[in-house]
Amino acid sequence: MNAKEIKNILLKELKDSKKTYLIVNKSENFQSGNIMILNHLIVKMKLCGIYVTLNRPYPSISTFLEKDNIDVSKLFFVDCTGNNLAKNIKTDKCNFLNNSQSLTELSLTITKLINLGKFDFLFLDSISTLLVYNNLETTEKFMHYLINKLRVLNIGGVMISLNEDKSNKLIPVISQFCDKIIKI
């Protein structure tokens, strides 16, 4: 699938800012797909969001997004990479968590941010990374909890999963909790 086809799918499918979407992405489309999704949400739909980064530290992600003309002032970041160098950065645009295993800490942080009333969506950049640090059952329970929390609080959600063996065991379970599954 080329970039134009991916963009057309996203424009067609990502319409309702209050729905929860599971995006199943090929690894070769991971970065470009994330950029297209965020561009659609922030530029086209004029939304503000929480970006939970699980596999790249905040400084790397924010720089990468800025280079692709994504307005990072419309995002608040939750860095779950545990990168000690990133934690030394002083910013009011990111909360740094110890690692991707502390799902309780992540849940509390997300709840605190959503309760501020400033955000329209949550963007979780890799369910696949959660599976690296947590077992399948724990990840399933966390995703079910998180998606229900978003629904109750009337916040949209975009959850990214790579199309790979380990993640493909989780996709059928969490897809039943999402409003729409989009494969790119």
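Values in this document were obtained by computation on a predicted structure and should not be read as measured data.

> Residues and numbers for the nonpolar core, please.
In this structure, Val52, Met143 and Met159 are the most contacted members of the largest nonpolar core, which totals 32 residues. Elements that contribute at least two residues to this core include exactly strand S1 (20-25), strand S2 (49-53), strand S3 (75-79), helix H5 (103-114), strand S5 (121-124), helix H6 (127-133), helix H7 (136-152) and helix H8 (165-175). Apart from residues lying up to four places away in sequence, Val52 is in contact with Val78, Cys80, Leu106, Ile110, Leu122, Phe123, Leu124 and Asp125. Core analysis: the next-biggest nonpolar cluster, separate from the first, contains 29 residues, Leu38, Leu75, Ile160 and Leu162 among them.

> Got a sec to walk through unusual backbone geometry? Specific residues and values, please.
Phi angles above zero are rare outside glycine, and Lys46 is one such case at about 60 degrees. Here Lys46 lies in the loop between helix H2 (30-44) and S2. Its identity is not glycine, yet Asn154 carries a phi of approximately 60 degrees, on the positive side. In this structure, Asn154 sits in the loop between H7 and strand S6 (156-162). In this structure Asn154 comes out as partly exposed when scored by relative accessible area, which is 45%.

> Give a description of the side chain of Ser175 that names residues and reports values.
With respect to the secondary-structure elements, Ser175 resides in helix H8. At 3.1 Å, the side chain of Ser175 and the backbone oxygen of Pro172 are in polar contact. Setting aside its immediate chain neighbours within four residues, Ser175 contacts Leu22 and Ile181.

> Please give an account of the packing of aromatic side chains that cites residues and values.
Counted according to the given criterion, the structure contains 5 aromatic pairs. Pairing Tyr51 with Phe77 gives two aromatic rings, centres 5.4 Å apart and planes at 35 degrees, and the pair type is tilted. Here the residue Tyr51 occupies a position in strand S2, and Phe77 occupies one in strand S3, the gap between them amounting to 26 residues. Take Tyr51 and Phe77: they sit in the same class, and that class is buried. Ring geometry for Tyr51 versus Phe123: centroids 4.9 Å apart, planes at 40 degrees, classification tilted. Of this pair, Tyr51 sits in strand S2 while Phe123 sits in strand S5, placing them 72 residues apart in sequence. For Tyr51, a relative accessible area of 2% translates into the label buried. Members of the aromatic cluster, connected to one another through ring pairs, are Tyr51, Tyr58, Phe77, Phe96 and Phe123. Arg56 extends its terminal NZ or CZ atom over the ring of Phe64, reaching a point 5.2 Å from the ring centre.

What counts, and where the lines are drawn
Residues numbered from 1 in each chain as written. Predicted model: local features only at pLDDT ≥ 70, side-chain atom pairs only at ≥ 80, totals over all residues. Heavy atoms only, no water. Core = buried A, V, L, I, M, F, W, Y, C linked by side-chain atoms within 4.5 Å. Buried < 20%, exposed > 50% of the residue type's maximum accessible area, 1.4 Å probe, protein only. Helix = DSSP H or I, 4+ residues; strand = E, 2+ residues; numbered from the N terminus. Contact = heavy atoms within 4.5 Å. Polar contact = N/O pair within 3.5 Å; in protein donor to acceptor, adjacent residues only side chain to side chain. Phe/Tyr/Trp six-rings, centres within 6.5 Å; stacked < 30°, edge-to-face > 60°. Lys NZ or Arg CZ within 6 Å of the ring centre and 35° of its normal.

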